[in-house]
Structure formats: C-alpha cells, structure tokens
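Coordinate analysis (summary)
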Amino acid sequence: MTRFSLLAVAALIAAIAPASAQAQRQPPQTRAEVQLSFAPVVKRAAPAVVNVYGARVEQVQNHPFFDDPMFRRFFGNRGGGQGQGPQRAEVARSLGSGVIIDRSGLVVTNNHVVENMTEVKVAFADRREFEVEIVLRDPRTDLAVLKLKNPPADLVTLDIGDSEALEVGDIVLAIGNPFGVGQTVTQGIVSALARSQVGVSDYQSFVQTDAAINPGNSGGALVDMNGRLIGINTAIFSRSGGSHGIGFAIPTAMVRLIIESAKAGSQTVQRPWFGGRLQAVTADVAESLRLARPSGALIVSVVANSPAARAGLRAGDLITAVDSHQIDDPDAFGYRFGVRPIGGVASLAVTRSGRPLVVPVALEPAPRGGQDAEQITGLSPFQGVTVATLSPGIADELRVNHRSEGVVITKVEPGSPAAQVGLQPGDVVLGVNGREIKAPADLQQATRERARLWRFQIDRGGQVINSMMGG
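Described in the following lines is the structure provided in the data block. Computed from a predicted model, the values in this text were never measured in an experiment.

Regarding a nonpolar patch on the surface
- Judged by side-chain polarity, Phe38, Ile171 and Ile189 come together as a nonpolar surface patch covering roughly 210 Å² of accessible area.
- Within the secondary structure layout, Phe38 lies in the loop between helix 3 (31-34) and helix 4 (39-45).
- When its relative accessible area of 31% is taken as the criterion, Phe38 is described as partly exposed.

In structure tokens:
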C-alpha cells in the first residue's frame, strides 16, 4: 500500500470516529500537549478544599496500676471517682480534609474525621480558621456535613461532577492535607471503579485511584480535569501507613444524597428500604442455578409488607441489575439501590427459575419506629445505653438483618459503664438476670435495682453472647 493510501485510510478513520470522544479522551499528540500543566485545574479547585481539625477532652488515669481492682482495694481511690484512680485531662485530636460545596458554608468530609469530636474547626489554604457545627453525620457512608458558623464573603465552592461518567484511565487529582504538612496536590489515574469489600462503610462502591493518598487526606477532594468534584478521598490500602498507590474515594453519586439530606435540614439520611436479605453468589450457587459465572445478589428472605414483598419478589430470586447497572454482589446492589431518590421506582432485572424478569420496586423509606426509646440510667452494665423496639427503619440503620423483633441498643454513651463493658449499637438484648426482655420498659425495670451479680444475654450479628459480672 502506498504512502498516499495509508494517509487516506488514516483520514477516513479520523472522520468516522466521534469528534466528541476524540476531544474528551485521546493521548497527547505533540510535545506541547505533553508539557501541559495541571495548574489551572488546581487554581480552580484548591481554594475550596480545607483542613478539618477536631478535638475532645478525655479523662485518663495517671497510672495503669489503677486499672487493677486489687491495686485499688489496697491503695484506695485517691482520684475521687467511682472506682477510678487519679485522672488527668488529655486532648484527643483528629486531622483531615474537607470540601466546600455550597455558598452557605456547607463542607463535606469523612465521618471518622469528626466522630466523637466536641470542637471542630476548618482552616483555609490562606490559614484563615473558622468554627463549624456538625450538621449531619452518616457512619454508614463515612460522610459528614459541616457548616461554617460565619462564612466569609469570598467563599469558593467546588462544583460536583458526575462520578457515573468516570472511566478507568481518566486522570484525577487528589487534594488534601496529608500528615498535616499543609495542602498538597497529587496526580494519578482512575485505577478501578465500583470497588467493594474495602471494609470502610456499608455502601461500598469506591473509585480506586493511584493518586497518592495518605493519612490526613481523608475527606479531601478527588477532582477531574474540569476541576469538578468526583469523589471524597476516604481510605488507603497500606501495610505501612503510607501511600502504596491504592486509594479509595466515595463517588459523588453517594455524596449528593448526603448533601441533599443536609440541605433539607434532616439529621439522618433517608434511603430507600428494600426489605430483603441478600447473599453473594458463590461458585456452588452459580452452578446450581446454571449461571455462566458467579454474579448477582441472591434474595434469601423478604420482610412482610416491604417494598420487595409488595413488588412480588421472593426468596431464590437473583438480582442481576438495578436500572441497567450490572449487579455483581450484595454490596453493589446496596449502593445502586441506596443512591436512588425516595419517591421513585427502581427497575430490577431478576432471574427466577432461569426466566428473566423486570420488576419495578417502589423507593420508600423504612418505617422509622423508635418512639418507645429509653435511656438506661440504673447502676448496671447497661447504664448509658439507649434502647428501642426493633423496627424496619432501626434494623436498616443498625444493620440488624438477622432479627425482625426484639429490644435493640441504638446508642452507647462514650465512657459509660455500658461502653466499658463493650456493648454496641445493634446488640439485641435477650435477657437480664433470668428475665426475658421484650420491650425497653422491661430492661429499664430489670436494671432499676442494683444487683451483686449481673447475668445477661445479647444477640450480636446472630451470635448469642452470655456474660456474667459483679455488681
């Protein structure tokens, strides 16, 4: 083939390729393009990224010997507390990053950056500091929304991009405050999408990037080449504590849901309730269902009168897609279904006995419950917990999937006897000193009088734990 023919073929291919796709994604063609700088993107995005500082005062014992009951027995309680030794005040601190996303002063960050903090401040890149209030915390996504108490007039915000439009190989920038050294920008590419099994939050569908992310980057911005926010940096995979080129960001499809709840004035995030328990498809299950590969989310059980039940779904149905998004496992389903807006309908692709079906499921919040919640104040191992009758909404929030009724711990006060014992939100209280617990009032009554010996049973994740301790 002549040189003229080769040029003609090349011109024909260029004409056939979509112009928009070429403009958006193509390798550099000239030396000048290789030497392009990310500085314009950084100048646009960096002023909207802040440092987040949290602090709380903790009382700690001066000497570890005072943890020993035998030591306290002989040397007494010289600290004035209840069975505690001399104490001193220490300030616990946390450091992270945040992103300004609204002119009213709303800042989105990671929940673990501000969790249990009593004082939170943000610092701008120009070193100005502002006090903030925590508007909304959502441990299930590890996101939190803060609000500047006195936002300045020159506040810079970051536009929220579409994380659904990301592709593996796209260039991204991570902006944050790693190791507390000050605002830093790192560059990389999108390494993978929809990463699950990371173990950071309930809703796992992370953007993976090789842009360097280190401690202190948490809550910072992952931005695209248009300077738009496409993720909140939240975790790294590392054995040493430093960046190994595997970082994870919460996609903006999930971030939008948290921001909308905060703007609506809600203290909790309203999510669609499915009402079914799911399990992953193993190789054995795939073989029994005659599937080409292990994929999808298998329905194990359906809650009566739930959206799943009213849609006609039943145990044994295999969910393969939500609104045309492929579902590989229950985590993928939880994310895709969880980011859908309340009030609409999700279209589920389902396989039932080998037949494909399309099932519309209403997007409704779970019945909240919790009206009978009580805080336990009596001198007992349960002092400091708040309990309520288990409802679909509480079960969904606390991830109690193995029970549909009972008395569940919804909150544990930090530093309380219950916290020291190790009780956790989501524990279902079965019995105390031989008394069956069927309602919060039962637990209140059972712990009202002090006992020399406490025996109690709780259900934690389907495992019954029997405990005994002195009063």
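Here's the deal with the nonpolar core
- Core analysis: the biggest nonpolar cluster contains 31 residues, and Val99, Leu143, Leu158 and Val223 have the highest contact counts within it.
- It is helix 7 (residues 252-263) that contributes the most residues to this core, seven residues altogether.
- Contacts of Val223, omitting those with residues within four sequence positions, involve Val41, Ala45, Leu158, Ile171, Val172, Leu173, Ile175, Arg228, Leu229 and Ile230.

Examining the layout of surface pockets
- A volume near 1400 Å³ is recorded for the largest pocket.
- Along its surface, the largest pocket is lined by 34 residues, and Arg137, Pro139, Thr268, Glu397 and Thr410 are the ones closest to its centre.
- At the level of secondary structure, the elements contributing two or more residues to the lining of the largest pocket comprise strand 5 (129-138), helix 11 (392-398) and strand 21 (407-412).
- Of the residues contributing to the lining of the largest pocket, the split by class is 15 nonpolar, eight polar and eleven charged.

Some thoughts on unusual backbone geometry
- Positive phi, close to 60°, is recorded for Asp142, a residue that is not glycine.
- Examined against the element boundaries, Asp142 turns out to sit in the loop between strand 5 and strand 6 (143-148).
- Phi is positive for Ser353, close to 55°, though the residue is something other than glycine.
- Note that Ser353 resides in the loop between strand 17 (345-352) and strand 18 (355-362).
- Ser353 sits in the exposed class, given a relative accessible area of 74%.

Looking at the environment of Glu119
- If you trace the backbone, Glu119 turns up in strand 4 (residues 119-123).
- Accessibility expressed as a relative area gives 42% for Glu119, which makes it partly exposed.
- Considered as a pair, Glu119 and Tyr53 are 66 residues apart in the sequence and their alpha carbons are 8.2 Å apart.
- If we skip the residues at most four places from it in the chain, Glu119 touches Tyr53, Gly54 and Ala55.

Observations regarding the pairing of strand 6
- Within strand 6, five of the six residues are buried, which leaves it mostly tucked inside the rest of the structure.
- Alignment of strand 3 (residues 106-110) against strand 6, held across five bridges, turns out to be antiparallel. Considered in strand 6, the bridge of Thr109 is made with Ala144.
- Examined bridge by bridge, strand 5 and strand 6 share six bridges and lie antiparallel to one another. Bridge assignment links Val132 to a residue of strand 6, and that residue is Leu148.
- Between strand 5 and the antiparallel strand that follows it, strand 6, lie four residues; Asp142 among them carries a positive phi value of about 60°.

Things to note about the pairing of strand 22 (residues 428-432)
- When you tally the buried positions in strand 22, you get four out of five residues, the bulk of the element.
- Looking at chain direction, strand 21 and strand 22 are connected through two bridges and run antiparallel. Its bridge partner being in strand 22, Val407 is matched across the sheet by Val429.
- Summarising the sheet, strand 22 and strand 24 (residues 453-460) pair through four bridges and their orientation is antiparallel. In the strand pairing of strand 24, Val432 is matched with Phe456.
- Pairing of strand 22 with strand 23 (residues 435-436) involves two bridges; the strand directions are antiparallel. In the strand pairing of strand 23, Val432 is matched with Arg435.
- What sits between strand 22 and strand 23 in their antiparallel hairpin is a turn of two residues, with Asn433 showing a positive phi close to 50°.

What counts, and where the lines are drawn
Residues numbered from 1 in each chain as written. Predicted model: local features only at pLDDT ≥ 70, side-chain atom pairs only at ≥ 80, totals over all residues. Heavy atoms only, no water. Patch = residues over 30% accessible without salt bridge, like charges linked within 9 Å, V, L, I, M, F, W, Y side chains within 5 Å. Areas by Shrake-Rupley, 256 points an atom, 1.4 Å probe, with all protein chains shown as cover. Salt bridge = Lys/Arg side-chain N within 4 Å of Asp/Glu carboxyl O. Helix = DSSP H or I, 4+ residues; strand = E, 2+ residues; numbered from the N terminus. Buried < 20%, exposed > 50% of the residue type's maximum accessible area, 1.4 Å probe, protein only. Core = buried A, V, L, I, M, F, W, Y, C linked by side-chain atoms within 4.5 Å. Contact = heavy atoms within 4.5 Å. 1 Å grid on protein atoms, 1.4 Å probe; cavity = no way out; pocket = protein on both sides within 12 Å on 5 of 7 lines; lining within 4 Å. Points joined across faces, edges and corners; volume = space filled by probe spheres on them. Nonpolar A, V, L, I, M, F, W, Y, C, P; charged D, E, K, R; others polar. Pairing = 2+ DSSP bridges.

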